[in-house]
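Chain by chain, the residues run as shown.
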Amino acid sequence: MQSSRRSFIGSVSHGLQGAALATLFGQDLYGPDRLQAADGHTSRPAQAYDLRPKPTHFPPRAKAVIQLMMQGGPSQVDLFDPKPELDRNHGKSVLKEIAKDLSSPDAAGGLMRSPFQFAQHGQSGIWVSELLPHLSQHVDDIAVVRSMFNTHQNHEPACYKIQSGKTMPGLPALGAWVSYGLGSENANLPAYVVLTSTEGRLPTNHVQNWQSGYLPPLYQGTPMRSRGTPILNLKPEDEQPSEIERMSRDLLARLDRVHRQKRPGRLELDARIASYELAARMQLSASQALDLQNETQATLSGYGIGEKVTDEFGRQCLLARRLVESGVRFVQVHPVGQQWDNHSNIGSSLPSICRKTDKPVAGLLADLKQRGLMDDVLVVWGGEFGRLPIAQAKPGSDPKKAGRDHGPAGFTVWFAGAGIKPGTVYGATDEIGWRAVENRVSVADWHATILHLLGLHNEELFFETHGFKERLTGVEKVRIVSEICS
Amino acid sequence: MFTNLACIFRGLMAIIVLAAITVPDRGWAQTAISQAAKTQAAGHEGQFDRSIRPLLKAKCGRCHNATARKGGLDLTSLDGLRRGGESGEPAVDQSLDESLLWIMVDGGDMPPEDSEPLTQAERVLLEKWIASGSAQRELEHVVVTQHDVLPHLYARCVVCHGKRRREADLDLRTVESIRAGGKSGPAVVPGQPADSLLLKRLHAKEMPPPRELIKAGVRPLDASEIETITEWIAQGARKFDIEPDVPTGEPDPLVSEEDRQFWSFQPPVKPPVPQTAQSADLNEIDQFLLRKLKAEQLSFSPLADRRTLIRRVAYDLTGLPPDWRDVKRFRDSQDADWYARMVNHYLDSPRYGEHWGRHWLDLSGYADSEGKRSADPVRQHAWRYRDYVIRAFNSDRPFDRFLVEQIAGDELFDFENAETITPEMMDSLVATGYLRMAPDGTGSDIVDTVEERFEVVADEIEILGSSVMGLTLRCAQCHSHKYDPIPQRDYYRLVAVFQGAYDVYDWLKPTSVAGQSKQSNPTRRYLARVTPAARREWELQREKIEHQVAAVEQRLDDRRKSLRDAFITAQLASLPQELHADLRAMLAAPVEQRTDIQTYLAEKFEKRLTITDAELAKRHPELKQLQKTTQAEVKRLRAEIPPEPLIRALWDRGDPSPTWVFRRGQFTTPGQLVGPGVPSVLTDGRTPFQPQSIRGDSTGRRLAFARWLTNPNHPLTARVLVNRVWYHHFGRGIVESLANFGRTGTPPTHPELLDWLAVSFVEEGWSLKWLHREILMSRAYRQSSQLTDELAHRDPDNRLLSRMRLYRLNAESVRDSLLAVAGKLDLRPFGPPDPVVVRADGLVTSQPGTDGWRRTVYVQQRRKEIPTILETFDLPQMMPNCVRRPNSTVAPQALLLLNNGLVRELSLSMAQRIQREVAADREEQVRSIFAIALSRHPDETELAWAVESLTELTEKWREQESDAAGDVDQDQAIAPETRALANLCHVILNSAEFLFVD
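Please read all numbers here as calculations on a predicted model, not as lab measurements.

Peer 1: Teacher, can you tell me more about the overall build of chain B here?
Peer 2: The number of helices and strands found in chain B is 41 helices and twelve strands. If one aligns the C-alpha atoms of chain B with their principal axes, the spans along those axes are about 115 × 105 × 55 Å. Counting only residues that meet the buried cut, chain B has 60% of its 998 residues in that class. Here the contacts in chain B between residues at least 6 apart in sequence split such that 71% fall between residues at least 24 apart. Summed over its atoms, the accessible surface of chain B is roughly 40,600 Å², and 52% of this surface lies on carbon and sulfur atoms. Across chain B, the centroid of the 129 positively charged side chains sits 3 Å from that of the 143 negatively charged ones.

This is the structure in structure tokens:
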């Protein structure tokens, strides 16, 4: 069986089912309401939501977004926000002031200097620590915001907030809003794709990171993996000879046609037939979009693909590029686990995750730039919060093994690509890097800015449910961070 | 901070005079008076009293006075201006630009259109008063009551200094106990903030203790909260006689008679049944429907054929395809009443409660896990509530009783002191699981503060409001409802109803999140008050398994013993024969009972004659193997011991904390003190809410609420319910907004029919099965689903019910039907849910038992891991509940049915079933597939196609087989005929007809 299965797979190109192709015909399949019933009957569609491209509220700067979601909370004072005061006051206790932000108060130590060296880079002279040597070469392409803040000091609520604007589950994610607002530019791929790790381990909050909440399920993120089967059930678990697949589908099509003919005017049945056709097309498109075989060796190595440490995240970043190239609107990329959550041993745990992601991220920026995609694609990097400037270590433990606790009051994120003023630094934290104090940027500001760059107004992008207009930015007063926009 | 204090000290002389007096005060109404008294005592009357108050009283006071307080706002006192309304912002602040009062007046938003506006002179007066700073000076002196201070102490301190714990003997819950203080002396020195221990500790940031915050579930006080406490102490730390705001015999000032006139706030009245047409075939429902249809020159569609009706009713009542034998029986019946008998057949089926109970579980937000946190901890005993619901539906428990048990089952009996727990009592306690279903992350210390606890309470109120009351209550959590006459305080009166069981200041944690709680005590929300029978059953099960364990262990012991004996015999062989008997006796005797001779023998020979278990196992691999399998077997058996029977319940714990309105929905901006009550608009507005307790110190508040809710004249309860049942049968509600009967909801298409159903339902003893029968027997329900051009044009949305709907099966029915036709559905009901696993590739699936898979309702319902097949077909995550399933048609559904391994496997099972049940004749096989899956036989064309395909497929598989000859693989053991038949089954399971019901 093994040998016969292999020979079968070899007989169809890149695992693509001949039978799937057989049912394709060139109809526009963005959504069911576009369809006229096959027999000419029309009646009001059950719902009017689809993924066809929608007009923006004003001319957009960006057409697509790659969100590099650094769950866990990257430490700003060890990466982007150098604080000499920490060197001067190393060991000093600020417990009483900082108490309300502490997740593990019994392990709270004094102020802790960064164990890493900072230097200025590029024309812009942006400070970056030694942990990000590859990104350092691209600082003139990014805009660093050092004054982001979140409202909760724990992962789940803070991640909900970053994705959906509120600290609770059940609400539409940013990517869902974007696909609702803009639709897709590719009828054969989802508008909103999520790239999770190949291990099958989902990030904190699981699928709630890309849910559609009260928006129709059409807009929720479709998870794909960077290896193996990219989409669940995209291919049969037990592949059968293509001739048998073809015969089966042919019979199914005939039976469904008879069923349909006996029930005139039923759009839901047309929609169902259309969904089977789209399924077949997805098998083709997704396989193509996710096939890295045609990438040059130079491109692959630029992302660190083929090197043990960077291979996985490199593949995710390269796939993100391929997907936005194919017309996907919003790609959310999650490195595996919570590796930015450096509660202990920051001296080695932070360098570890930096090594895994630095080269792939820099490779993505270089690749986008080289292909001219920086004019169309917005890249956003950041976690749900940053980390506190004090040490975290159990009393009596080795101070060299200290880490840092969650720090929601001030942290760093960066933007790159379409609509961004490159080489910018915006906002500041206080002298110890705890709280954002200058030009503070809320999560709602961050959302509104991303929408703005996509040509969407955060007030005008709403969804009516139960008689209320719901928005991503809710009722909060927001400010577009125009200082980082070109 | 200290400039502020200095200000306060300046005004102290006047206040000290009043400090010792307890000012009688009914609500905040009187604070203005005490303010007047104070300013008089200070020797001058402020501008506010002279000119501003009369102005505001005249122009704004009708709505914004001390009693009515529309929008939570009283503009007739300085105190009211400073506090502001529901937004939590003061009405008058530092400057004009910051003063909401001025912004509203200046922008022309207030007074509203139908009221007299301010004159130019009045506007100038108000503007000057604010802009000149006079307002600010006067506002500095308003009175601070204990209810400005207590909410902060409750949120930040009483967890350690209150009812359950009293660190340092200090109780911070009342003015008296604060003044009395604890070990270190009084917590406050009236009039002397600087000398008050409470403030010293707060300023030093010693309290709440920084390192205890997470464990205690509190956070430090904000600067503004400390300021308020400072002011209160400076003013003498006085106690005002403030009673909670509760409904009284007086008309409610915020909800008018006009508000109550809205149709859904009026009790339903049974209208006469119109006599639209004369026919024995029409029931009352039809008469109402026909009237509207006739007005549009329409009528019902023709009757659907029998096969369609059988399939429709079976799916509608049980969520499963009809058994082919039943289809034949009813199809061929000569009985004129065959239809009624069929309806009864499915209503009596135990599968009915599983299907309809599921509808209710959606509303209650049933889940076997806590949600919110990534760990999504499992709720061990939640399933008892699921079983309770299914049994209640199957036994047609009167719906009023069903509601009362779920809302207040703990207050029906004195279960704490009952000698034996009767099944009825246990049922009532299990029923309260309804109010324990909201997602809850507070099992993790880091998210266990008043804020997150209040989210849980708000979710429970949301569940109640959307499932039973048809009101969007949540709006009133942050401000008075913008569309419906529900003032914010009505919402908090409901919070007070639940405060005996859900007290945000005295919280019972849910299941702890592993590693995230220092107070892990997984049984805190569980009661062990089960019936003796339930307990005995558990003990018997446990004993039975322990017997099995003993038997398995005995087997090992026996084997060991015989090997050891053999060892001894072998060893003895080298010793003199005459010693053998003595040595054996020595070995058998316990050390302490040995005789001297035996001890001597032991010293000399025992070592040679003994062998450890480990050594024995080393010598005998088969024993080692047996040890291993025994261990595994014991572990497996013990894992089967069910957990101790506990009830995941909600119960009143007595002596609840006070309830304050949270302005803007936030506990950090507390407002008025309120007591329990129900939304005024649903009452006459002048009936007090009077809880009575039958059990210990339980408040009885929820029972009073439940009794009110199930009063036969309640405007909403029966209407909301019959509308929901109607929706499930016809696919649209008489009121389309199922969970919103308020002003922003959709008006009923047939208001009289709705009321007739609601009143009749109550008259029929709140019997759901009566309601089903009434609906299912109607001509409307029995009509065809055929859509004609005329109907599409004249009744496009089917608002008039000119035809039946065509619908896709819901997630559970898709899965259960696949299993049923494949012969793999295990109908064992009830009990702990079947586990769900996540496969390495991310697919989530339930685990089958030995007899196949159980119905979906018995599969573990977690929030984070929903089986892929169910999620793909729109099974919702419960957040907090689901009032209406989405019904999507998307490509992943096609991908799943086409490619998923389980669907393929079930197709094969179905093929094998067909082969077992009918002869190898292809025509017969095709007929049988159609009969089982689609409840009909194929027509000539279909038959020809299917047989032709089957022949070709078999041929192809034969070719494959010969191509692959030589490969030995288990797959190859399946005959080409079976594979081809499985392909055909797979096609039918993918067909539109299998998935859609006419």
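That covers the picture; the talk isn't over yet.
Peer 1: How should the nonpolar core be read in this particular structure?
Peer 2: Across soluble globular proteins, nonpolar side chains show a tendency to be buried alongside one another. Residue and element names in this part refer to chain B. Residues Trp360, Tyr385, Met469, Phe705, Trp726 and Phe761 are the most contacted members of the largest nonpolar core, which totals 173 residues. Looking at this core element by element, the count peaks at ten residues for helix H22 (residues 450-469). Trp726 has contacts with Ile285, Leu289, Gly731, Arg732, Gly733, Ile734, Leu753, Leu757, Ile775 and Leu801, leaving out every residue within four places of it along the chain.

Peer 1: Sorry, what's going on with the pairing of strand E8 (residues 330-333) of chain A here?
Peer 2: Here is the key point about a regular strand: its side chains alternate between the two faces of the sheet. All names here are of chain A. Burial along E8 is two-sided: Phe330 and Gln332 and Val331 and Val333, pointing in opposite directions, are all buried. Summarising the sheet, strand E6 (residues 192-196) and E8 pair through four bridges and their orientation is parallel. Across the sheet, the residue bridging to Val194 is Gln332, located in E8.

Peer 1: What's the story with the interface of chain B and chain A in this structure? I'm lost.
Peer 2: Often, the extent of an interface is quoted as the loss of accessible area on bringing the components together. If you look at the interface, chain B gives 86 residues, while chain A gives 78 residues. Here chain B meets chain A over a buried area of about 7,100 Å², counting both sides, of which 58% is carbon and sulfur. Between the two partners, chain B and chain A, sit five salt bridges. At the surface where chain B touches chain A, the tally comes to 22 residue pairs in polar contact (both at pLDDT 80 or more). When grouped by side-chain class, the residues that make up the side of chain B that touches chain A number 38 nonpolar, 19 polar and 29 charged.

Peer 1: What am I meant to see in unusual backbone geometry here?
Peer 2: Trans peptide bonds make up most of the peptide bonds, and negative phi angles are found at most residues other than glycine. Residue and element names in this part refer to chain B. Note that the residue after Met207, namely Pro208, is joined by a cis bond; omega there is -15°. Cis geometry is found at the peptide bond from Met879 to Pro880, where omega equals -10°. Within the element layout of this structure, Pro880 appears in the loop between helix H35 (868-872) and helix H36 (891-899). Even without being a glycine, Arg69 presents a positive backbone phi close to 45°. Positionally, Arg69 belongs in the loop between helix H4 (47-60) and helix H5 (78-83). The class for Arg69 is buried, based on a relative accessible area of 8%. One non-glycine residue, Lys205, lies in positive phi territory at about 55°. For Lys205, the position within the fold is in the loop between helix H11 (197-203) and helix H12 (213-216).

The rules behind each value
- Residues numbered from 1 in each chain as written.
- Chains lettered and ligands numbered in written order.
- Predicted model: local features only at pLDDT ≥ 70, side-chain atom pairs only at ≥ 80, totals over all residues.
- Heavy atoms only, no water.
- Helix = DSSP H or I, 4+ residues; strand = E, 2+ residues; numbered from the N terminus.
- Buried < 20%, exposed > 50% of the residue type's maximum accessible area, 1.4 Å probe, protein only.
- Contact = heavy atoms within 4.5 Å.
- Areas by Shrake-Rupley, 256 points an atom, 1.4 Å probe, with all protein chains shown as cover.
- Lys, Arg positive; Asp, Glu negative; His and termini not counted.
- Charge placed at Lys NZ, Arg CZ, Asp CG, Glu CD.
- Core = buried A, V, L, I, M, F, W, Y, C linked by side-chain atoms within 4.5 Å.
- Pairing = 2+ DSSP bridges.
- Buried area = accessible area lost by both parts, 1.4 Å probe.
- Salt bridge = Lys/Arg side-chain N within 4 Å of Asp/Glu carboxyl O.
- Polar contact = N/O pair within 3.5 Å; in protein donor to acceptor, adjacent residues only side chain to side chain.
- Nonpolar A, V, L, I, M, F, W, Y, C, P; charged D, E, K, R; others polar.

Take it as geometry only, folks, not as evidence of what the structure does.
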